[in-house]
Structures are given as C-alpha cells and as structure tokens.
Amino acid sequence: MNARAFIFFLAAGLAWCSAMPAGAQPLQACPMIYQPVCGVVVSAREIATYANSCRADQERAAILHDGKCQGADTAKCPRDIVQPVCARKLKSGIETTYDSLCRAEKDWAVLAHKGRC
C-alpha cells in the first residue's frame, strides 16, 4: 500500500470514529457460524430467528432459546402439539408452564427447561 492510500484510510477511519457518539462502541464482528437463536426485540415487538447469538446481541434482541423460532411473526401455534416447557416471562420474571415452545415465544418467555415447571 502506498503512503497516500495509507493516509486516506487512516483519515477515513478517524473521521468515522469521531462521528460516533461519545461512549459508543463500534459493532463487533460476528462469526460466520450458523447457530440459530430465537430472540425478541421488545421495543419493536418482533420475534425473529437470528443466525447466532452475536447477531441477536447486535440487534439488541433478548434471546428466548437456542434454535429457530417456532412462532415468529404472525405464525399461529399448532393446537394439537402439546410438549410442555417451563419458561420465564421477560417482563415479570415469573416461570410458567406453556403447552409448547411456540406458545412461550408468543408470550416473550425465556426457555428455562423442557417439561413442566
């Protein structure tokens, strides 16, 4: 790299960093590993599957459980599947038994364990 290019990239980097609000941290680079997690961004009222927990953290999503979401967006939970899970509600912190992981997601509850509480 020649000196001009180096100085250009150095100046561009400094300008970008100085444009950030005081105390703000640049986004960390997330690994390119697909280990899906189901999360909810409470302020946006949105449940979504993220590629990994790092991506969920970048979006400021609370992780509900490992794996893909079962009841994301407007999907309805199947009524005929009963596989109880114990999950803790995000807002109240109260553990509750749900008929399925899908129903726990709809209530924004973090999976504690499979089975009844």
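None of these values were measured; they are calculated from a predicted model.

A. Quick look at the pairing of strand S4 (residues 85-89). Note that S4 and strand S5 (residues 95-98) share four bridges and pair antiparallel. When the sheet's bridge partners are listed, cysteine 86 is paired in S5 with threonine 97. Between S4 and S5, which follow one another and run antiparallel, lie five residues, and glycine 93 among them has a positive phi close to 80°. Examined bridge by bridge, S4 and strand S6 (residues 109-114) share five bridges and lie antiparallel to one another. From the neighbouring strand, arginine 88 faces S6, where its bridge partner is valine 110.

B. Just the state of the cysteines, in detail. A full pass over the atoms with the stated rule returns four disulfides. A sulfur-sulfur distance of 2.1 Å marks the disulfide that ties cysteine 38 to cysteine 69. As the torsion about the S-S bond is roughly 105°, the cysteine 38-cysteine 69 disulfide counts as right-handed. Of this pair, cysteine 38 sits in strand S1 (residues 37-41) while cysteine 69 sits in the loop between strand S3 (62-66) and S4, and the two are 31 residues apart along the sequence. Here cysteine 38 and cysteine 69 have matching classes, each one buried. A sulfur-sulfur distance of 2.0 Å marks the disulfide that ties cysteine 77 to cysteine 102. Between cysteine 77 and cysteine 102 the sulfur-sulfur dihedral comes to about -85°; the bridge is accordingly left-handed.

C. Local environment of the sheet that holds S6. One open sheet accounts for three strands, arranged S5-S4-S6; its pairing is antiparallel. With partners counted over all chains shown, the strands left at the sheet margins are S5 and S6, one partner each. In this sheet, neighbouring strand axes are inclined to one another by 35° on average, regardless of whether the strands run parallel or antiparallel.

D. Inspection of the nonpolar core at higher detail. Counting residues in hydrophobic clusters, the biggest one holds seven residues: Cys38, Val40, Ile47, Leu64, Cys69, Trp108 and Val110. Tryptophan 108 has contacts with Val40, Val42, Arg45, Ile47, Leu64, Arg88, Lys89, Leu90 and Lys91, leaving out every residue within four places of it along the chain.

E. Broad picture of unusual backbone geometry. One non-glycine residue, arginine 45, adopts positive backbone phi at about 55°. Among the structural elements, arginine 45 can be located in the loop between S1 and strand S2 (46-50). Of note, arginine 60 is a non-glycine position whose phi angle comes to about 60°, a positive value. Looking at the element boundaries, arginine 60 is found in the loop between helix H2 (53-58) and S3. For arginine 60, a relative accessible area of 70% gives the class exposed.

Definitions and limits used
Residues numbered from 1 in each chain as written. Predicted model: local features only at pLDDT ≥ 70, side-chain atom pairs only at ≥ 80, totals over all residues. Heavy atoms only, no water. Pairing = 2+ DSSP bridges. Helix = DSSP H or I, 4+ residues; strand = E, 2+ residues; numbered from the N terminus. Disulfide = S-S within 2.5 Å. Buried < 20%, exposed > 50% of the residue type's maximum accessible area, 1.4 Å probe, protein only. Axes fitted to C-alpha atoms, helices over the stretch in contact; angles between N-to-C directions. Core = buried A, V, L, I, M, F, W, Y, C linked by side-chain atoms within 4.5 Å. Contact = heavy atoms within 4.5 Å.

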